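# Examination of the molecular architecture
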Amino acid sequence: MKMPFRPELLKIRRKPFRWIIIHHTIEMYPQTGAKIDSPSYQLPFIMNGVLEQKTGDINYHYIIEKVKEDYIAIACRPLSFLCEWPDITPDINQRAFHVALLGSYDLKVPEKRLYEVLAFKVINPMLKIYGLPPGRIKLHSQVTNIQDLTCPGEFINRDIIIAMCRRFVVK
């Protein structure tokens, strides 16, 4: 399946990155049925959700997915475009880089390897390129105006993400 390029449906980023927001995919694409431990590649389920919703692109800049024995980071939306989250105040969202963990971490405790891949392959390069401190990493549940939102899941630990980022810091 090929996703059509529809930049006319996307908003252009006009402000520099100041935040990194961590999500899980189940909140945006619940119809996908994506499972955390699937042995097969599941991004096509997300793409089907995008096509069904008739949106311009996947609403995350990166998705981390477990394929067989390891996690992979997949670039989704170009960094020059905003991810649209109406529940996040514009002053944060218009300056945010959005990363999703495939599946729901309300149901499963993440493996250490997920934190390592997230920090080493996705977050640390962004921290270095944009000169951001690890304190600028936030969970979606920390920046939303939806009171009961648990995204990226009850079992995701922000302190572990920050510790992994410090472990893999690029000097």
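Summarised in this report is the structure supplied together with it. Model, not experiment: these values are computed from the prediction. (Residues numbered from 1 in each chain as written. Predicted model: local features only at pLDDT ≥ 70, side-chain atom pairs only at ≥ 80, totals over all residues. Heavy atoms only, no water.)

It is worth spelling out helix 5 (residues 158-167) at this point. Since the α-helix advances by 3.6 residues per turn, residues separated by three or four positions end up pointing in the same direction. By the burial criterion, the buried members of helix 5 are R158, I161, I162, M164 and C165. Along helix 5, the residues classed as buried sweep out an arc of 160° about the axis, all on the same side. Projecting away from the buried face of helix 5 at angles above 90 degrees are the exposed residues D159 and R166. Its side-chain oxygen placed 2.8 Å from the backbone nitrogen of D159, N157 serves as the N-cap of helix 5. (Buried < 20%, exposed > 50% of the residue type's maximum accessible area, 1.4 Å probe, protein only. Helix = DSSP H or I, 4+ residues; strand = E, 2+ residues; numbered from the N terminus. Arc of directions from axis to C-beta. Polar contact = N/O pair within 3.5 Å; in protein donor to acceptor, adjacent residues only side chain to side chain.)

This part covers the pattern of salt bridges. All told, the structure shown has six salt bridges when counted by the stated rule. Among the salt bridges present, the one from K11 reaches E84, with a minimum N-O distance of 3.6 Å. Of this pair, K11 sits in the segment before strand 1 (19-24) while E84 sits in the loop between strand 3 (70-75) and helix 2 (90-93), and the two are 73 residues apart along the sequence. Its relative accessible area of 48% is what places K11 among the partly exposed residues. E111 serves as the salt-bridge partner of K66, at 2.8 Å between the closest nitrogen and oxygen. Remark: E111 occurs in the loop between strand 4 (96-101) and helix 3 (112-130) and K66 occurs in strand 2 (residues 62-67); sequence separation between them is 45 residues. Look at K66 and you get buried, because its relative accessible area is 14%. A relative accessible area of 29% places E111 in the partly exposed class. Overlapping salt bridges bring together D70, K112, R113, E116 and R167 as one network. (Salt bridge = Lys/Arg side-chain N within 4 Å of Asp/Glu carboxyl O.)

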